[in-house]
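# Examining the three-dimensional arrangement
Listed here are the chains, written in short residue letters.
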Amino acid sequence: MKLIKTTEAEGMVLCHDITQIIKGVTKDAVFRKGHVVTKEDIPVLLSVGKEHLYVWEKDEHMLHENDAAEILCALCINQNMERTEAKEGKIELKASRDGLLKVNNAGLKAINGFGQMMIASRHGNFAVKKGDKLAGTRIIPLVIEKEKMEAARQEALQATDGQPILALKPFVHKKVGIITTGNEVFLGRIQDTFTPVIREKLSEFDTEEIGHVTWDDDDKKVTASILEMIRQGADIVICTGGMSVDPDDKTPLAIKNTGARIVSYGAPVLPGAMFLIAYYEVKDGDHPRTVTIMGLPGCVMYAKRTIFDLTLPRVMADDEITAEDLAALGQGGLCLNCPVCTFPNCGFGKGI
């Protein structure tokens, strides 16, 4: 930092805010710390009584905050995102389309562990809308060592295997088959109130229902229906009911007997502990595909938010769910059933 005459400050970078006070009109910074002084700025600076300024002394070993912020932005930005201009060491990223946000926690921690720089993002594995803010980057000091920024960049790239810290997976059109199970519904003893809930949640995405059947507690019929819906082109098959350990609850067995790969029967989420997710591989010549099969417990029918709300956005973005992903939901997997639901703007599903 050095002191120079304002008349000689063109092209220099301010080390402090310049405040303009006009009685009854304004009291605010007319130029912010980090501003690069232009020829047109000099009369304004003189008009607010600044004959001298503290400016940044250029050093080949140091980076200005905005230049360093560009490095952080480059480590984060990916397809389907747009960015703001660098200002005061800050750059923000926004979604340029609807989709599922993915955050590489290892990369994020690598940057934030260095000090003097930061990246803050919204929670990953949740749906975002076009225009939603995704993340913000910031360099803390006005200038920062080039060597430190390079070390941070290298560590982040190592943590992410060279991939950007953020990803935005677009939602995909899905053909859906729904299988309702239960003697009580099949025999007309009670009304099917489960299927309308599923349809309402599916309507939030680009889905097409290609079939709906209702069966009694006969696992062979359910297995056959799952396979038939897959044959008809279903990308997702949702089975409702029959997911507990009662003798008549045979939906897990029916799903298993399709030959699908069971990821997990059970999840550390309340409501939704008896959830099942599996993947069925269709070997269709040059066009193989993966079908998601979901077994939904009864809580999805009556609870406002459940495991289904946490997993459906990922399924719609072709983001494969692993057993490890489900296990990580334990912290944050307890819905508090708030009198006024604010999901997803709450802690539900915000795992470690």
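Shown above is the structure to which this text applies.
These notes cover the structure that comes with them. (Residues numbered from 1 in each chain as written. Predicted model: local features only at pLDDT ≥ 70, side-chain atom pairs only at ≥ 80, totals over all residues. Heavy atoms only, no water.)

### Thoughts on the packing of helix 3 (residues 105–112) against helix 4 (residues 146–159)
Angle between the axes and distance between the axes: these two values describe a pair of packed helices. To be explicit about the condition: For every element, the axis is a line fit to its C-alpha atoms; helices are fit only across the contacting stretch, and the angle between N-to-C directions ranges from 0 to 180 degrees. Strands here are runs of E lasting at least two residues and helices are runs of H or I lasting at least four, both read from the DSSP assignment and numbered beginning at the N terminus. Here the word oblique covers every angle except those under 35 degrees (roughly parallel), over 145 (roughly antiparallel) and from 65 to 115 (roughly perpendicular). Note on convention: the crossing is left-handed when the near helix lies turned anticlockwise from the far helix by less than a right angle, right-handed when the turn is clockwise. Residues are treated as being in contact if the distance between any of their heavy atoms lies within 4.5 Å.
Packing of helix 3 against helix 4 leaves a shortest axis separation of 8 Å and a crossing angle of 165 degrees. Here helix 4 runs roughly antiparallel to helix 3, going by the angle between their axes. Judged by the twist between their axes, the crossing of helix 3 over helix 4 is right-handed. Within the contact between the two elements, helix 3 uses Ala106, Gly107, Ala110 and Ile111 and helix 4 uses Ala152, Glu155, Ala156 and Ala159.

### Thoughts on helix 10 (residues 307–316)
Keep this limit in mind: Think of it in three bands: residues with accessible area under 20% of the maximum for their type are buried, residues over 50% are exposed, and the middle band is partly exposed, with areas taken using a 1.4 Å probe on protein chains only.
Within helix 10, 10 of the 10 residues are buried, leaving the element largely enclosed by the surrounding structure. If you check which residues of helix 10 are buried, you get Ile307, Phe308, Asp309, Leu310, Thr311, Leu312, Pro313, Arg314, Val315 and Met316. Directly beyond the C-terminal end of helix 10, a positive phi value near 55 degrees is found at Asp318.

### Let's talk about the environment of Ile293
Residue placement: Ile293 occurs in strand 19 (residues 289–296). For Ile293, the contacting residues outside a window of four places in its chain are Ile226, Ile230, Val237, Ile255, Thr258, Ala260, Leu276, Ile277, Ala278 and Tyr280.

### Concerning the environment of Thr160
The test is simple: Throughout this description, a polar contact denotes any pair of N or O atoms lying within 3.5 Å of each other; where both atoms belong to protein, one of them has to be capable of donating a hydrogen while the other can accept it, and for residues adjacent in sequence the pair is counted only when both atoms sit in side chains.
With respect to the helices and strands, Thr160 occurs in the loop between helix 4 and strand 13 (166–170). Along the sequence, Thr160 and Leu93 sit 67 residues apart, while their C-alpha atoms lie 19 Å from each other. The residues touching Thr160, leaving out its near neighbours within four places in the chain, are Asn104, Gly107 and Ile165. A polar atom in the side chain of Thr160 sits 2.7 Å from the backbone oxygen of Gln163.

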